[in-house]
Amino acid sequence: MLKAENIIHQGQIRVVRGIIAVTFIILITRYFFIQIVKHEAYYEKAEGNRIQAVSLPAPRGLILDRENNILVDNYPTFVLSAIPREFENKQDKFKLINKLTQIPSVVLEKNYEQYYRNQFVTVRLVKNIDFEQLSLLEENKTSLTGIHYNKLPERSYPSQIKGFHFLGYVREVDRLKLKELGDQNIYNLGDLTGWDGIEKYYEKHLTGDKGMDFFEVNVRGKIVGQLEDRTVQPIPGNDIKLTIHSELQFAMENSMEGKTGSVLVSNAKTGEILAYVSSPEISPDLFAGGISHDEWNSIIHDSGKPFLDRNTSGQYPPGSIFKLITLFPIIEEKKVLSNWETFCNGSYSFGDRIFNCWKEGGHGTVNMEKAVAQSCNIYFYQAIQSIPLEKWASTCRNFGFGKVTRIDLPEEKSGLIPDRDYMNKRHGKWGWSKGAMLNLALGQGEILVTPLQLLQFANLTATHGHTKRLHFRLGEKKKLDIPDNYSENTWRLVERFLLAAVAQAGGTGKLANPHIKGLKVYGKTGTAQNPHGEPHAWFFGFSKYMEEVISIVVLIENGGHGSEVSAPIARLAFEIYFSQKNNDQFTYGNN
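Just so we're clear, the structure is a prediction, and the values are computed from it rather than from any experiment.

Draft legend 1. Spatial organisation of the packing of helix α12 (residues 323-332) against helix α19 (residues 488-503). Their axes nearest at 10 Å, the elements α12 and α19 cross at an angle of 140°. Between α12 and α19, the angle is such that the two are oblique. Considering how the two elements wind past one another, α12 and α19 form a crossing that is right-handed. Across from L324, L327, F328, I331 and E332 in α12, the residues of α19 making contact are N489, T490, W491, L493, V494, F497 and L498. Across the contact of α12 with α19, the residue classes break down as 9 nonpolar, 2 polar and 1 charged.

Right, dumping it as structure tokens:
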């Protein structure tokens, strides 16, 4: 049998050897690139496949009163969560969790859908599970792969005060809120965020930095252990100290029990809010741990509108308090002298209309001081005719009416101050006359103000224009400017008249005086007509004891006469605050 020689040319051998050499060079180069050049990147990627990260929520900062008493605290509650890519056969697991804990499967499934983002981000199933439920779940952990539990810091309210309308509340971040908040690297679905009040306004200050737990997983994504040495502990948010005087706040809340309205007390010099009550109140405990759907609906459909912050968002006619607005321009420009007198017989004719005084039969002969002290309508019907509407409106704006006070709360209404343009648009150029000014002089007609704006006006009046912006955060000092500088004579006259309204026997504000030695009380009552029922009852004023000046505004919706129902609440506030500073005995009673 003949055999042919297997002849391979040297050129072919060189080609093969070259290919083998190039292949080895490529492999070595790639190996060097992966193992040396890109070591860190591929190491991190490998670690990412091997390690599962779970975020740890950070406690929010505490909210304290001016004496460091805790108003809002945190308490730990257990949360059951699931990692979607490990949570196989979830319907069966929902049934098992239901059997062990009595938590309805439909709740678990609903929460899973609500909080789901992707396969790798933990999904909250339920919170506020107790220790017994936790123990049962732990005993059956082998049948519940993909679940884990950690502690969530919920809000608690250890103080005796409510303070709902200024403290605000927190709620869980839902999908709509997540879009609004913008940065999804900071917030996850189910995180707590400030929804109103101080909690919302100071959200960035109160929110802490999340921590992180790390778990080792196998190639199928199952957790096989926790990497405790890698745990990053969360950093709590910053505490915030408020100007609130808790004892005074508690007393004012109690004084408004069963009433609808508001009470505001401030340090007139600094602008600090000492008490802030909007009634009816809501207990913040309702929001601790979450509020049920039925409870939420009950509150929002309550006819008393407990969610409404009447201090910032309630807009009312101010009544006779606005007689003071007329005083500033007529005194400053000497339109009417303080000793000018007129006779009040109970009614006043203007054109073809009759305007009445609140006192049937009239006040007799009155000058400016008596007109303020006894709140004579007839005097102010005549006095306001000496100034044009635009001058009156600009005076209102000088004192902050018609615009927000910029207090450190997230929402605030601006009220309404009618000027010529407004009146022309609403009534037509010929649809109103100067007779409209007579209503404006008494704080009626188209005027709308918030209690907070009146408090700012009280601070300005008490300090002769040298107060600071209203605020809750202790230590804030932002000056509040008035465009027009009124003379010291004008300020002193207005102050003298307000003192007479409380100190004189016939003064409408006399029930605001607690008769504490060395304490002077200044005030003005208001009874604002209300087309929907009984008049609103106002008290506006301030008190001075040595170097301290405290202002107050009280509103009782449909309360009747401010002199009867609002002034005594002001007296209680002055008594509580100042009696601590004077050891002498004091008694109640008329001057």
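Structure's up, so let's keep going.
Draft legend 2. Just the pairing of strand β14 (residues 347-350), in detail. As defined by bridge partners, β14 adjoins strand β15 (residues 353-356) across 4 bridges and the pair is classed as antiparallel. Directly across from S349, in β15, lies its bridge partner I354. Count of turn residues in the β14/β15 antiparallel hairpin: 2 residues, of which G351 carries a positive phi of about 65°.

Draft legend 3. Main features of empty space enclosed by the protein. Scanning the model with the defined rule gives 1 cavity of 30 Å³ or more in all. Of the voids in this model, the largest cavity is the one considered here, and its volume is about 180 Å³. Looking at the lining of the largest cavity, its residues break down into 7 nonpolar, 2 polar and 3 charged.

Draft legend 4. View of unusual backbone geometry. Of the consecutive residues S279 and P280, the connecting peptide bond is found in the cis state with omega at 10°. Along the chain, P280 falls in the loop between β12 (273-279) and α11 (293-300). Of note, the phi angle at N89 is positive, near 50°, even though the residue is not glycine. Within the secondary structure layout, N89 lies in the loop between β3 (70-82) and α3 (90-101). Taking the relative accessible area as the measure of exposure, N89 reaches 57% and is therefore exposed. Even without being glycine, S375 reaches a positive phi, approximately 55°. Relative to the elements of secondary structure, S375 occurs in the loop between α13 (368-373) and α14 (377-383).

Draft legend 5. Fine view of the nonpolar core. The biggest cluster of nonpolar side chains holds 87 residues, and the ones touching the most others in it are L242, F322, L327, W392, F399, F401 and F472. Here this core takes 7 residues from helix α18 (residues 451-462), the largest share from any one element. Once residues lying within four places of it in the same chain are set aside, the contact partners of L242 are I63, L64, D65, R66, L71, F166, L167, I198, F472 and L474. Core analysis: the second largest hydrophobic core is formed by 29 residues, L248, A275, A570 and F578 among them.

Draft legend 6. Highlighting the packing of α12 against helix α15 (residues 389-398). Contact pair α12 / α15: the axes reach a minimum separation of 10 Å and the direction vectors enclose 110°. Looking at the two axes, α12 sits roughly perpendicular to α15. α15 is crossed by α12, and the crossing has right-handed handedness. Counting all contacts with α12, which are made through I325, T326, F328 and P329, the residues of α15 involved are K391, W392, T395 and C396. By residue class, the composition of the contact of α12 with α15 is 5 nonpolar, 2 polar and 1 charged.

Draft legend 7. Local environment of the environment of T260. Along the polypeptide, T260 turns up in the loop between α10 (246-255) and β11 (261-267). Through-space distance from the C-alpha of T260 to that of P306 is 9.3 Å; in sequence the pair is 46 residues apart. Excluding its chain neighbours within four sequence positions, the residues that come into contact with T260 are S279, P280, R310, L555, I556 and E557.

Draft legend 8. Broad picture of the pattern of salt bridges. What the rule picks out here adds up to 16 salt bridges. Measuring nitrogen to oxygen at the nearest pair gives 3.8 Å for the salt bridge that ties R397 to D419. One end of the pair, R397, is in helix α15; the other, D419, is in the loop between α15 and α16 (420-427), with 22 residues separating them in the sequence. Of the residues examined, R397 reaches a relative accessible area of 30% and is grouped as partly exposed.

The rules we used
- Residues numbered from 1 in each chain as written.
- Predicted model: local features only at pLDDT ≥ 70, side-chain atom pairs only at ≥ 80, totals over all residues.
- Heavy atoms only, no water.
- Axes fitted to C-alpha atoms, helices over the stretch in contact; angles between N-to-C directions.
- Helix = DSSP H or I, 4+ residues; strand = E, 2+ residues; numbered from the N terminus.
- Parallel < 35°, antiparallel > 145°, perpendicular 65-115°, else oblique.
- Left-handed = near helix turned anticlockwise from the far one by under 90°.
- Contact = heavy atoms within 4.5 Å.
- Nonpolar A, V, L, I, M, F, W, Y, C, P; charged D, E, K, R; others polar.
- Pairing = 2+ DSSP bridges.
- 1 Å grid on protein atoms, 1.4 Å probe; cavity = no way out; pocket = protein on both sides within 12 Å on 5 of 7 lines; lining within 4 Å.
- Points joined across faces, edges and corners; volume = space filled by probe spheres on them.
- Buried < 20%, exposed > 50% of the residue type's maximum accessible area, 1.4 Å probe, protein only.
- Core = buried A, V, L, I, M, F, W, Y, C linked by side-chain atoms within 4.5 Å.
- Salt bridge = Lys/Arg side-chain N within 4 Å of Asp/Glu carboxyl O.

Honestly, it's all geometry; don't read function into it.
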